[in-house]
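Okay, here's what each chain looks like letter by letter:
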Protein chains: 2
Amino acid sequence: MSEVREKALLAKEASAKLASLTTGQKNTALLRMAEALIAEQESIIEANAKDLKRGQESGTSSSLLDRLALNPERIAGMAEGLRQIAELTDPIGDTLESFVRPNGLRVEKIRVPLGVIGIIYEARPNVTVDAAGLCLKTGNAVVLRGGSSALSSNERIVEVLQAALTGTDLPPMAVQLISNPDRSSVDEMLKLNGLLDVLIPRGGSSLIQTVVQNASVPVIETGAGICHTFVDESAKPDMAEKIAINAKVQRPSVCNSMETLLVHSHFAELHLAALADKLTALGVQLYGCPDTRKLVPAIQTASEEAWDTEYNDYILNVKIVRHLDDALAHIRTHGTMHSECIVTENESHAQRFLHEVDAAAVYHNASTRFTDGFEFGFGAEIGISTQKLHARGPMGLPALTSTKYRIYGDGQIRE
Amino acid sequence: MSEVREKALLAKEASAKLASLTTGQKNTALLRMAEALIAEQESIIEANAKDLKRGQESGTSSSLLDRLALNPERIAGMAEGLRQIAELTDPIGDTLESFVRPNGLRVEKIRVPLGVIGIIYEARPNVTVDAAGLCLKTGNAVVLRGGSSALSSNERIVEVLQAALTGTDLPPMAVQLISNPDRSSVDEMLKLNGLLDVLIPRGGSSLIQTVVQNASVPVIETGAGICHTFVDESAKPDMAEKIAINAKVQRPSVCNSMETLLVHSHFAELHLAALADKLTALGVQLYGCPDTRKLVPAIQTASEEAWDTEYNDYILNVKIVRHLDDALAHIRTHGTMHSECIVTENESHAQRFLHEVDAAAVYHNASTRFTDGFEFGFGAEIGISTQKLHARGPMGLPALTSTKYRIYGDGQIRE
C-alpha cells in the first residue's frame, strides 16, 4: 500500500474517534501539543537546520530561507497559536436548526466534523502546526503534505505532535504527514475520494491551480487575489490616499493587497500625480493606462497582461475610469472575486458597488487588507476561500465543519 | 466558440443582472413561466412525441419511456411546481451575520446567489423545469444539460420558458440548454471554471461518478444511497416490521430506500422468519448472510458484492449482527453516508447510533424514506447531497446560495 493511502486510512480511523470527543478533551490535547513544541524545540531547530542547509546548497532565495527558518521565538509563536485555538469556541455539536414535522418527526441539524482534511502547502513549517491545530479543534483528522523544502522540519514537528497526543484522548494518528516529496504523492491525494473529505491547498497559484484542476476530492480553493481599489470622484483625497497606500504597501506579498488602482478621471486630474509620487517614494513601481500616463508621464505603460497579474509585490497598475460602471466592468473582467474596495462619499455609488461587485469581501472606505480571519474576529484562519461553494472569504473554524440531520421518530413511515 | 462556452457566457452575463432582482421580480417571472407551460402544452407534447418515437425505435425500456412521457397532467404538475417555488421564501439578501469590529468596521455576511449553476441530468423532462425554477428563484443562471433521450422535449420546454421571460425583469438568457447530445459537451462543462460556479449531477451513479471524478468545477455530489435499517434487540416487533417494509417497498427505486437490513441476533431468532415472509409476499427478493440462512433457509446467499450494491429495486440484503458495534462497523464499511436508521427502545443505543453514524441523515425509529426536501418541510429539493462540503442531505433553496461580506468603513487601514 502506498504511503498516502496508508496514512489516509489511519487518519480516517482516527477521525471516527475524534468526532465524539468533548471540547475539553480536544483542548487538553492542543495544550499538550503546545507544551511539547516548546519542550522539543531544540530537536525541531536541528531538523530545521537540515532543511536550511539543503536550501542553501540548492540556491534557495534568502527570502524563502527566511520564511523556512525556525528559532525559539517562532516556535513559541507556533505554540501560542495552539493555545489560542484551544481558547476558541468549539462549533462541533451545535444545533443549527430544530423543528418538528406535522407527522411528529423531530429533525435536528447538527454541526459535525468534515472527517479527514487534506492540506497541501508550501514552505513555512508553521502551517503544519496551525493546520493541525485547527483541524483537531474541529474534530477532523488531517493529512498534511508540506513542501519538500521543509520536509525535515515538518517530520520532526509531526513526531513531536503525535508523541504529545499519546496519553490524551485524541488519537495520535489523527495527524499524518506525507514524507514522500515526490509530486506523485500529491497526485494520489487529489484522487483519494472516500478517504479524504476535502482538500485545502495553501500556497502559490500554481499549486492551487494544480489541485483545483486535477482533484476529484472536493476542494476549497484559496488564495489568488487580484484586488482593486476604486477611488470615486467624490472620494476624500486624504482617505483615498491612506487606503490606497495601505492596500498596496502594508504587506504587498499577501492575497488581499491591491494590484490595481482604479481612479475616477476627475479625481485623477486633481490628485493622481501627488498619490503617484507618494507611492513611488514608498518603493512602488507603477504601470498605467494611456490616460494615466497623460497625467503622470513618469508612469510606465501597463501591458494587457498587467491587469490580470497578481504581483504580490511593490508593483501597482493604475487605470483611469470615467464612471462607476467602468470600474464595475473592469473588476468583473479582471477581478478574482477576492476583495474589492470603493472609496467614495457618494452613498448610492457605495451601495451599487457593495451590491453589484461579486467578491468574497467588498469594502466601502476601508483597506482590502482587512480580509483576514483574525481581522474579522474569527480568532483563526485556515485560509481565504475564493470559491463560492461551502465557504467564501476568511475561513474560521465553522468552515472546517459539515452538518448532519438527526431525526427522532416513534415509528413514522412514509405514506 | 463551442455551444457550451457560448451558452455559459450568456448565462454568466445574465447572472450579473439576476443577482440584483427583487423577490417580486423573480416570482413574477416564475408565474409567467408556469402560465407559458400550460399555454404551450400542445407544442411541448408534440416535441415529446418525437423523443418517445426515437426511444421506441431504439428499444428504450417501457419504464424509461414512461418516465419520459409528457401529458397535460404532467405539464400541469410542472407548472404547479413553479408556482410552489414562487411561494417559497427567498433566501437571497438575508443578513446571516453582522458585527462591528473594535476599529469601527461594520461587517455584514449576506446571502447571495452562487452565480451560474450547471445541471447535468438524465431522462425526465420535469427536471428541466424544476431545476430552472429553483435556480432562478435563488438568483442563479442555469446551464442545463439533459439526457439525449429527452432532447426534443427539453428544447421546446426551454424555448417556452425563455419566451415567457421576455418582457419580465428576468433575462431570458438566464436559462440555457445544451443541445449537443454528444458526451463532449458534458466533458466541456466539467472543466468550465470561471464560467460555471458549481455543477450538480442528477441521475444514476455512473453519471454522478463521471462528474465527480472528472470535474474541475466544484461539484455537489448527489444520489448514491446504500441505506441500512438496524433492528436492535429491544425493537418493538410491530414498529420494526412497519419501518423495514416502508424503507424497502414504499418506493424502492429511490436513493433513500433501504438496501440492507441489519438485525440483532436475538430479535432475528424471534421475528426474522415472519418479517422475511411479509417482505417476500410484497415481492422483495432476499439475500442473506450465513446466520440469516440458518434461520430462514429459503433466503438466498448474499455475495460479497451484495453489501455494496445499490439495488434501487425489490431486492434486500439481510445480515444478522451480534450487537450495536457490529451494526456500526457494517455501516461504516458499506454505507454511503446517505440515510441510516436504528429501530430500538434502548435510549443509549439510539444516542450512540445517532452520534456515531456518519451520514447525512440518521434516524431513530423512523423510515429512511423521509430523507427528502419536501418531507423535511423545505418546500423544494434540488437533490440530496451525499458529500460533506457546502450542503449535506436534502438541499432546499439555501443550498443554491453563497455568501459575501460587505464591510463599511470610514477610512480604516490596517496597522
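Keep in mind that this is a model prediction, so the values were computed, not measured.

Participant: Account for the overall build of chain A, naming residues and giving values.
Facilitator: Check the secondary structure of chain A and you find 14 helices and 16 strands. A compact globule built from 415 residues should have a C-alpha radius of gyration of about 22 Å, and chain A, at 24 Å, falls within 12% of that. Along the first, second and third principal axes, the C-alpha atoms of chain A reach 70 × 70 × 35 Å. For chain A, with 415 residues in total, the buried portion stands at 57%. Here the analysis covers contacts within chain A between residues at least 6 apart in sequence; of these, 73% occur between residues at least 24 apart. For chain A, the exposed surface amounts to about 15900 Å²; the carbon and sulfur share of it is 49%.

Participant: I'd like a rundown of the pairing of strand E3 (residues 116–121) of chain A, residues and numbers included.
Facilitator: Residue and element names in this part refer to chain A. Burial analysis of E3 places 6 of its 6 residues in the buried class, the great majority of the element. Neither face of E3 is exposed, since Val116, Gly118 and Ile120 on one face and Ile117, Ile119 and Tyr121 on the opposite face are all buried. Where E3 and strand E4 (residues 141–145) come together, 5 bridges link them in parallel fashion. Opposite Val116, over in E4, you have Ala141 as the bridge partner. The pairing of E3 with strand E6 (residues 198–202) spans 5 bridges and is classified as parallel. If you follow Tyr121 over to E6, its bridge partner there is Arg202.

Participant: Run through the relation of the copies chain A and chain B, naming residues and quoting values.
Facilitator: With an RMSD of 0.0 Å, the fit of chain A onto chain B corresponds to turning through 180° and sliding 0.0 Å along the axis. What the rotation and shift describe, once combined, is the action of a two-fold rotation axis. Distance from the rotation axis, computed per C-alpha, reaches its smallest value in chain A at His390 of chain A: 1.8 Å. Here 100% of the contact residues of chain A are again contact residues in chain B; the copies associate through an equivalent surface.

Participant: So, the environment of Arg145 of chain A: which residues are in play, and what are the values?
Facilitator: All names here are of chain A. Within the element layout of this structure, Arg145 appears in strand E4. Taking relative accessible area as the criterion, Arg145 reaches 8% and is therefore assigned buried. The sequence separation of Arg145 and Pro181 amounts to 36 residues, and the corresponding C-alpha distance is 8.4 Å. Only 3.1 Å separates the side chain of Arg145 from the side chain of Ser185, close enough to count as a polar contact.

Participant: Give me the sheet that holds strand E4 (residues 141–145) of chain B: which residues, what numbers.
Facilitator: Paired through backbone hydrogen bonds, the strands of a sheet run either parallel or antiparallel to each other. Residues and elements named next belong to chain B. Pairing is parallel across the open sheet formed by 4 strands, whose spatial order is E5-E4-E3-E6. Either end of the sheet is taken by a strand with one partner, and the two such strands are strand E5 (175–177) and strand E6 (198–202). Adjacent strand axes in the sheet meet at a mean angle of 20°, parallel and antiparallel pairs treated alike. Set on the sheet, helix H7 (residues 151–165) makes contact with strand E3 (116–121), E4 and E5; between it and E5 the angle comes to about 160°.

Participant: So what about the sheet that holds strand E1 (residues 95–100) of chain B? Which residues, and what values?
Facilitator: Read from one edge of the open sheet, 10 strands run E10(A)-E9(A)-E11(A)-E8(A)-E7(A)-E12(A)-E13(A)-E16(B)-E2(B)-E1(B), paired in mixed fashion. Two strands bound the open sheet, and with one partner strand each, they are strand E10 (300–301) of chain A together with E1 of chain B. Pairing of strand E13 (residues 361–366) of chain A with strand E16 (residues 401–412) of chain B, which is carried by 5 bridges, proceeds in the parallel orientation. Each bridged residue has a counterpart across the sheet, and for Ala366 of chain A the counterpart in E16 of chain B is Gln412 of chain B.

Participant: I'd like to hear about the domain arrangement of chain A, residue by residue, with values.
Facilitator: Residue and element names in this part refer to chain A. Domain boundaries assigned for chain A yield domain 1 (3–221 + 387–408) and domain 2 (227–370). Summarising the inter-unit geometry, the C-alpha centres of domain 1 and domain 2 are found 35 Å apart. Facing 4 residues of domain 1, the contacting portion of domain 2 comprises 5 residues. Overall, the association of domain 1 and domain 2 removes approximately 360 Å² of surface from exposure, summing both partners, and the carbon and sulfur fraction of that is 46%. Applying the counting rule to domain 1 against domain 2 returns 2 salt bridges. Between the two partners, domain 1 and domain 2, sit 2 residue pairs in polar contact (both at pLDDT 80 or more).

Participant: Give me the interface of chain A and chain B: which residues, what numbers.
Facilitator: Each partner contributes to the interface: chain A provides 69 residues, whereas chain B provides 69 residues. For the pairing of chain A and chain B, the buried interface totals around 5800 Å² over both sides, and the portion due to carbon and sulfur atoms is 53%. Interface area lost by chain A to chain B is led by Leu389, Tyr405 and Arg414 of chain A, which between them contribute 15%. Joining chain A to chain B, the criterion identifies 6 salt bridges. For Glu375 of chain A, the salt bridge is made with Arg414 of chain B, and the minimal N-O distance between the two is 3.2 Å. One can count 47 residue pairs in polar contact (both at pLDDT 80 or more) joining chain A with chain B. Those elements that place two or more of their residues in the side of chain A that touches chain B are strand E2 (106–113), helix H9 (205–214), helix H10 (237–249), helix H14 (347–356), E13 and strand E16 (401–412) of chain A. Across the side of chain A that touches chain B, the residue classes break down as 33 nonpolar, 21 polar and 15 charged.

Thresholds applied
Residues numbered from 1 in each chain as written. Chains lettered and ligands numbered in written order. Predicted model: local features only at pLDDT ≥ 70, side-chain atom pairs only at ≥ 80, totals over all residues. Heavy atoms only, no water. Helix = DSSP H or I, 4+ residues; strand = E, 2+ residues; numbered from the N terminus. Rg over C-alpha atoms; globule rule 2.2 N^0.38 Å. Buried < 20%, exposed > 50% of the residue type's maximum accessible area, 1.4 Å probe, protein only. Contact = heavy atoms within 4.5 Å. Areas by Shrake-Rupley, 256 points an atom, 1.4 Å probe, with all protein chains shown as cover. Pairing = 2+ DSSP bridges. Least-squares fit on C-alpha atoms with pLDDT ≥ 70 in both. Polar contact = N/O pair within 3.5 Å; in protein donor to acceptor, adjacent residues only side chain to side chain. Axes fitted to C-alpha atoms, helices over the stretch in contact; angles between N-to-C directions. Domains from an automatic or database assignment. Buried area = accessible area lost by both parts, 1.4 Å probe. Salt bridge = Lys/Arg side-chain N within 4 Å of Asp/Glu carboxyl O. Nonpolar A, V, L, I, M, F, W, Y, C, P; charged D, E, K, R; others polar.

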